[in-house]
Amino acid sequence: MRRSRRVPPSAGAPPGAILGEMPSLLDRALNAGEAKKFKTYQRRVALIGAFEAELEHDSDAELRERMDALRERARDDEPLDALLPECFAIVRETGKRTMAMRHFDVQMIGGMALHDGQIAEMKTGEGKTLTATLAVVLNSLAVRDEESGERKGVHLVTVNDYLARRDAEWMSPIYDALGVTVGVLQNMQPYEQKQHAYACDVVYGTNSEFGFDYLRDNMAKDLSEKVQRGHSFAIVDEVDNILIDEARTPLIISGAPEQAADLYVKFARLAPQMVLGKTPEGMDPRTKKQFMADFDFEVDEKHKTVSITEQGVAKAERFLGIDHLYRAENGHLVNHLIQSLRAESLYKRDVDYAVIDGEAKIIDEFTGRILDGRRWSEGLHQAVEAKEGVRIQEENQTLATITYQNYFRLYDKLAGMTGTALTEATEFMKIYELPVVQVPTNMAMIRADRNDQIYKTKEGKWSAVVTEIGARHENGQPVLVGTISVEVSELLSERLTKRGIAHTVLNAKPEHAAREAEIVAEAGQPGAVTIATNMAGRGVDIKLGGNPDHLVRLELARQGVDSSDAENYERRMSELFPDVERTVQESREHVMAAGGLFICGTERHESRRIDNQLRGRSGRQGDMGESRFFLSAEDDLVRLFAGDRIYKILDRLGGVDDEGNEEPIEAGMLSKQIEKAQKKVEEQNFLIRKRVLEYDDVMNEQRRVIYAYRDDVLEGQSIGEEARREVISVIERTIDQYTPGDFVEDWDLDGLFTALAQFFPLDLGPEELKRDSADRASLTDRIGELAMERYNAREQALGEELMGALERFLLLQIIDERWREHLFDMDYLREGIHLRGFAQIDPLVAYKNEAFTLFGDLMNSIWTDYARMIFNVQVNVEGENGGGAPVPAFAAAGSSTRAGRVSYSGGTSAVGAGAIAAAAAAGGMADAQGAAGYAEGAAQEEAMPVVEQRVVDDEHQVGRNDPCWCGSGKKFKKCHGA
Ligand code: ADP
Ligand code: MG
C-alpha cells in the first residue's frame, strides 16, 4: 500500500526549527529523574537533525547504500548506539520521501526509548506506528544468532490481526526502500507463509499468534517444523493491554486425549486377567536366568513396582492384537500395562485411595487424610480411575501452555508503546523490568477534560447522557460514547433510536476488528455518534472531519474499481483525492467550530488507564476536544467504593429540575473520591496478577528446562553419553531402593533382581553376587558395567547413526508424553493446593515444594522409561516404506501416536470481560471413534466458562495428500495421518 505524497495537516516542524524546539521538549518531560535521559535523547535528536541537510541531497539509491553500510558496520559488531543517529536520520528521510511523513522529533525520542528496551508512553494519534520503524530498522541491522550468524528478526506485536496487516503494509514503503524485509502473521495461515514471515527482518503479528507459534514449535517432532527463529527483540504495541490486561490469560494448546481414556479402560480389563506369581525366594541368579516363569507378572509390595514376565508380555500382545509390545512407537503401551497392573494389584481402595464423588483421591499414608490436589503421576492415577470405573480425568489434556507474561520474558530485549502506561508504571517495572518513558506530545494537548457529573440513579444518568448526545449531535459535533459492556451499549443504542439519533455500535470482538476500524476512522465526521465498548476499534486514529484516504477508498469501492490493478487504482485515487480532501477539510472546520470530538464516558472503568484510553481518542495532535464522564451513585464502582459518602451528598444536594430531570453534582472532590476507589481496585488487581505470576513462574522454570532438552534432541545433538550416565543413575536409584541400611541381611536382593530385570536380564554369576553383595558400591559398579556393555552392544548392532536417531526419538517421545502428564498434574496440584488445610503454610510455598518434587519425579521417570525402552525396543531396520530410510520410518510413526484434534485457546479479550477465544486450529482425526469423541469434546468445551476454545474439525477438509494440519509442511498421510 503506497501512500501518495501529500502533507498531512499536522506535519512536523521544518528542519530549521529543531533546535528551537528543544527546550520545550525538556520542559514537557514529566519528572526530574527523566531529565538526564532526556538530555542524552535531546543531544541525539540534534545529531540526527544534523544529518538532514546532507541526506536530502542523496538519491534514493544512495540512501539505501548508506543503510547497507550501517548494516555492514553492525555485522562487524559496532554497537547499535553508535549507528543510531545516522540510521534514524535515514529512516526519517525515507519516510519523508516515500510516505510524506517526516518523523517528528518526539517520535525520534520514542524510537530511542524503544531501542533502549523501554515503554514509550505516547498519546493516541502521536504516530506510534511510524515511531516503531526507527527502532525496527536499527535493530534489524544486528539481530542475528551468535552461532549461526543468521538474523533473527524483530517481532512487532499488535493486538489483532487487522492491525498486524495494516501496520506492516502501511510502513512497508520505508522498509522496502531500506532493504528491510517485512513479514505478517495471521491466524490460520498456512505453514509455508508463516515460516516465510518469520524469515523476515521484522514480523508483525498478534501476541496470541507469537505465543502459539512458540508453543507449537516446542511440540515439533522435527527441527524443520519450527517457525520461530529465536526471541531477540520485541516491540509490543498497546503494551498495557497485552502485558497487563491479558497477563493472566494463559495460552493453551490442548488436545483430545484421543484413545488415551479408552486405552486405560482397555488395560483395566486386561489387568485382572494377568496372573500374579512369584519367583522362588533365594534362587541363585544363574538358575534364575534360565527360570521360565509360569505366571504373567510379579509385584514388589514394598516398592510398589511390578515386573512382567515373557509370558505376560506375550499375553498382553495377544490381548492388544499387536506383534511387538516393545517397539519404539509402542512405548506408551508398556507404560499403560505397568500402570494398570500396579493399579490392579498394589493400590487398594480405602487404603491407598478413596473414591469420593466419582473421583479417586489419594489417602495420605502417614496421616490417613485425603490429599486434595495430588494425583499419582505417570498415568497411575488414570489407571486407578479406569479400574474403579470413574471418569478418567484426562479430557482436554493440555499439551502446552504459557502465559503472555512468560512468553514475553523470553525476549533478550523487550519494548512497548501505548498511550497509557504511567498509571501502571510500578507493575511494568516490577514484573517486566520495563521502565516507562513519557514522551511529550508533538503539539500541545488542548482537550478539555471536564469533571464527572454524578447522578443519584442510573435512570437519571442515562436520560442525561441521551440529552447530552442529542444536543451535541444536532450541533454537528461528533460524539464517541464509551461503555463498559456490550449489554450497556445495546441499552443505550435503544434509547438513542427512540430519540431518533443516528448512531453506530461497536463491540470490540477480534473478528470485527477490520470493520470496526472502518467505522472508527469515520467517527470524527460532523455529527457522527459512535458507541464503543472499551477498546473497540483501537489502534485506529480518529481524524476530525473524516479520513480522506479511507473515504477515497470507499468511493472507489462504490464505483467498483478493482484494487488488484495497482496502477489504475493509484491513478483513480489521486484523481479523486483533491475533491475528497477539500470536503474533509470543510468538515474538519465545521467540527472544530463545534468543539472537536466529544468523548462521553458512561461509567468509570475499574482502572483509570482504561478511562484515559477513552479520553485519549480526542484531542490528538493538538486538535480541539472535550471529555466528560457521566456516573451514577448506583454504578458498581461508585457503590462499592465511595457509595455512602456520595449518596449522602447527593441526598442533600441533588434535586430535580422543572421537567423532572435529576440534577447532577459535579465536583472535583467527588472525582477524586472515585479515582481513589479506582486506585484501590488497581492495586488489588495488581496483587492478583502478581500472585498468578508467582505461581506461573514455578511452571516457567520447568518449561524452560524441558524445552531446552527438547531443543537439544531436535537439533540432533548426540545424547548417547548423557543417556548412558542417566541409565547408570536409574540403576543406582533402583539399587539404593532395595539395599537400605548397612546390613546385607536387610537388603532385598531378590526384589532387586526382579526390578532390574525390567531393564535387561542380568548376567551375574552366584560367585559375583556373593562377592559383590557385600558392598553396594561395587554392586552398583558391576551392574552399571553390565548395562554399558549391553548399551554398547546395541549401538554396535544398530550402527552409531541409527542408534543416535533411536536415542533421540525415544527420548523425545518420552519427554512429550511425560510432560503432558506433568502439565496435568501441575494443574491439578494448583487447583487443589488451596483446599489443603495447611497450618501456617503459605499455599504458594507448599505449591513450590510439591511442584519441585513432581518435577524431580518427572525427570526420574523420563529416564526410567528410557532405560526400560532402550534395551528392549525392536527396530525394523528395513522400514515400512521398503528400506532406505529407517529413521524417518519410526519418527513418523511416533508423531502419529498422538494424532488427534488439537485446539488452541487464549485471550484477546477486552479488559475484565473474560477471556475470548484467540486462535483456532485444526486437528486430524484418525478414525470414526475419534470423530465421535470430537462431538462430545466440543460440547464439553462450550460449557467451559472462562477460556473459550474453538476446535476446528478438519478431518473432512484435510485430504490425505493435503499438507498436514500440524504445520509440518508434510503431506497429511505422511505426517499425522500416517
Ligand atoms: P498512534 O498509534 O500513536 O495512536 P498512529 O500511528 O495510528 O498513532 O498515527 C496517527 C496518525 O498520525 C496517522 O494518521 C499518521 O498518518 C499520522 N502521523 C504519524 N506520524 C506522523 C508524522 N511524522 N507526520 C505526519 N503525520 C503523522
Ligand atoms: Mg497505534
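What this report covers is the structure whose coordinates are included nearby. On a predicted model such as this, the values are computed, not experimentally measured, just so you know.

Glancing now at the sheet that holds strand β2 (residues 154-158). Overall, parallel pairing links the seven strands, which are arranged β3-β4-β2-β5-β13-β1-β14 in an open sheet. The sheet is open, and its two edges are formed by β3 (182-184) and β14 (436-438), each paired on a single side. For this sheet, the mean inter-axis angle between neighbouring strands, taken without regard to orientation, is 20°. Relative to strand β13 (residues 413-418), strand β1 (residues 119-121) runs parallel, the two being bridged by three bridges. Within the sheet, the bridge partner assigned to Glu121 lies in β13 and is Thr418. Docked against the sheet, helix α5 (residues 105-115) engages β1, β5 (233-237), β13 and β14, running at close to 145° with respect to β13.

On to the pairing of strand β8 (residues 305-308). Bridge count between strand β7 (residues 297-300) and β8: four bridges; the pairing is antiparallel. Within β8, the position partnered with Glu298 by the bridge is Ser307. Counting the residues that bridge the hairpin from β7 to β8 gives four residues, and of these Lys304 lies at a positive phi of roughly 55°.

Here Glu121 shows up in strand β1. Judged by relative accessible area, Glu121 falls into the buried class, the value being 4%. At a separation of 2.8 Å, a polar atom in the side chain of Glu121 contacts the main-chain amide nitrogen of Ala421. When neighbours within four sequence positions are excluded, Glu121 is seen to be in contact with Thr418, Gly419, Thr420, Ala421, Leu422, Val436, Val437, Gln438 and Val439.

Taken together, 18 residues form the shell around ligand 1, and within it Arg102, Gly125, Lys128, Thr129 and Lys543 come nearest. Measuring from an oxygen atom of ligand 1, one finds a backbone N or O atom of Gly125 at 2.7 Å. Taking Gly127, its main chain carries an N or O atom lying 3.1 Å from an oxygen atom of ligand 1. Burial of ligand 1 by the surrounding chains reaches 92%, relative to a free accessible area of 570 Å². Sort the elements by how many residues they give to the shell around ligand 1 and helix α6 (residues 128-140) lands first, with three residues. Of the residues assigned to the shell around ligand 1, the class counts are five nonpolar, six polar and seven charged.

Scanning all chains against the criterion turns up 59 salt bridges. When the shortest N-O distance is used, the salt bridge between Arg609 and Asp240 registers 3.0 Å. With Arg609 in helix α23 (residues 608-615) and Asp240 in helix α10 (residues 239-245), this residue pair connects regions lying 369 residues apart in the sequence. Pair check on accessibility: Arg609 and Asp240 agree, each one buried. Ionic contacts of the salt-bridge type, sharing partners, join the residues Glu52, Glu56, Asp60, Arg92, Glu93, Lys96, Arg97, Arg102 and Asp105 into one network.

In contact at an axis separation of 6 Å, helix α29 (residues 776-798) and helix α30 (residues 800-832) are set at 120° when each is read in the N-to-C sense. Judged by the angle between their axes, α29 and α30 are oblique. The handedness of the crossing between α29 and α30 is right-handed. Residue-level contacts link Tyr791, Arg794, Glu795 and Leu798 of α29 to Glu800, Leu802, Met803, Leu806 and Glu807 of α30.

Grouped together as the largest cluster of nonpolar side chains are 134 residues, with contacts concentrated most on Leu215, Leu243, Phe408, Phe428, Ile706, Leu811 and Tyr866. Sorting elements by how many residues they give to this core places helix α31 (residues 843-870) first, with 14 residues. Grouped together as the second largest cluster of nonpolar side chains are 54 residues, Ile48, Met67, Val180 and Val202 included.

All told, the structure shown has 15 aromatic pairs when counted by the stated rule. Between the aromatic rings of Tyr198 and Phe210, the centroid separation amounts to 6.1 Å while the plane-to-plane angle is 75°, which identifies the pairing as edge-to-face. You can see Tyr198 sitting in helix α8 (residues 191-198) and its partner Phe210 sitting in helix α9 (residues 207-217), a full 12 residues away along the chain. When its relative accessible area of 0% is taken as the criterion, Phe210 is described as buried. Ring geometry for Phe408 versus Tyr411: centroids 6.0 Å apart, planes at 20°, classification stacked. A residue is classified by how much of its surface remains accessible, and Phe408, at 1% relative accessible area, is buried. Three or more aromatic residues joined by ring pairs form one cluster here, namely Tyr214, Tyr407, Phe408, Tyr411, Tyr707 and Trp819. The ring centre of Phe598 lies 3.6 Å from the NZ or CZ of Arg472, which sits over that ring. Sitting above the plane of the Phe629 ring, Arg604 keeps its charged end 5.3 Å from the centroid.

Let us now look at the packing of helix α25 (residues 668-714) against α30. At a minimum axis distance of 10 Å, the contact between α25 and α30 shows a crossing angle of 175°. On the basis of the axis angle, α25 is roughly antiparallel to α30.

Moving on, we come to a negative patch on the surface. On the surface, Glu732, Asp736, Asp775 and Asp781 cluster together to form a negatively charged patch. Following the sequence through the fold, Glu732 ends up in helix α26 (residues 720-738). Judged by its relative accessible area of 37%, Glu732 is partly exposed.

Now for helix α18 (residues 458-474). Between its first and last C-alpha atoms α18 spans 24 Å; for 17 residues at 1.5 Å apiece the expected length is 24 Å, and the two agree. Those residues of α18 lying buried are Gly460, Lys461, Trp462, Ala464, Val465, Val466, Ile469, Gly470 and Arg472. The inward-facing, buried residues of α18 contact β16 (453-455), β17 (479-483), α19 (486-498), β19 (529-533), β20 (597-601) and β21 (625-632). Note on α18: the residue one or two positions beyond its end, Gly476, has a positive phi of about 85°.

So, about the sheet that holds strand β11 (residues 370-371). In space, the three strands of this open sheet follow the order β9-β10-β11, with antiparallel pairing throughout. A strand with exactly one partner marks an edge of an open sheet, and here the two such strands are β9 (353-356) and β11. As paired strands, strand β10 (residues 359-363) and β11 are joined by two bridges and run antiparallel to one another. In the sheet register, Ile362 faces β11, and the bridge partner there is Leu371.

Attention now goes to the pairing of β2. Of all five residues that make up β2, five are buried, and the element is covered over most of its length. Burial along β2 is two-sided: the residues Val154, Leu156 and Thr158 and His155 and Val157 are all buried. As judged from the four bridges shared by β2 and β5, these two strands associate in the parallel manner. Bridge assignment links Leu156 to a residue of β5, and that residue is Ile235.

Basis of the calculations
Residues numbered from 1 in each chain as written. Chains lettered and ligands numbered in written order. Predicted model: local features only at pLDDT ≥ 70, side-chain atom pairs only at ≥ 80, totals over all residues. Heavy atoms only, no water. Pairing = 2+ DSSP bridges. Helix = DSSP H or I, 4+ residues; strand = E, 2+ residues; numbered from the N terminus. Axes fitted to C-alpha atoms, helices over the stretch in contact; angles between N-to-C directions. Contact = heavy atoms within 4.5 Å. Buried < 20%, exposed > 50% of the residue type's maximum accessible area, 1.4 Å probe, protein only. Polar contact = N/O pair within 3.5 Å; in protein donor to acceptor, adjacent residues only side chain to side chain. Near = heavy atom within 4 Å. Areas by Shrake-Rupley, 256 points an atom, 1.4 Å probe, with all protein chains shown as cover. Nonpolar A, V, L, I, M, F, W, Y, C, P; charged D, E, K, R; others polar. Salt bridge = Lys/Arg side-chain N within 4 Å of Asp/Glu carboxyl O. Parallel < 35°, antiparallel > 145°, perpendicular 65-115°, else oblique. Left-handed = near helix turned anticlockwise from the far one by under 90°. Core = buried A, V, L, I, M, F, W, Y, C linked by side-chain atoms within 4.5 Å. Phe/Tyr/Trp six-rings, centres within 6.5 Å; stacked < 30°, edge-to-face > 60°. Lys NZ or Arg CZ within 6 Å of the ring centre and 35° of its normal. Patch = residues over 30% accessible without salt bridge, like charges linked within 9 Å, V, L, I, M, F, W, Y side chains within 5 Å. Lys, Arg positive; Asp, Glu negative; His and termini not counted. Charge placed at Lys NZ, Arg CZ, Asp CG, Glu CD. Expected span 1.5 Å × (residues − 1).

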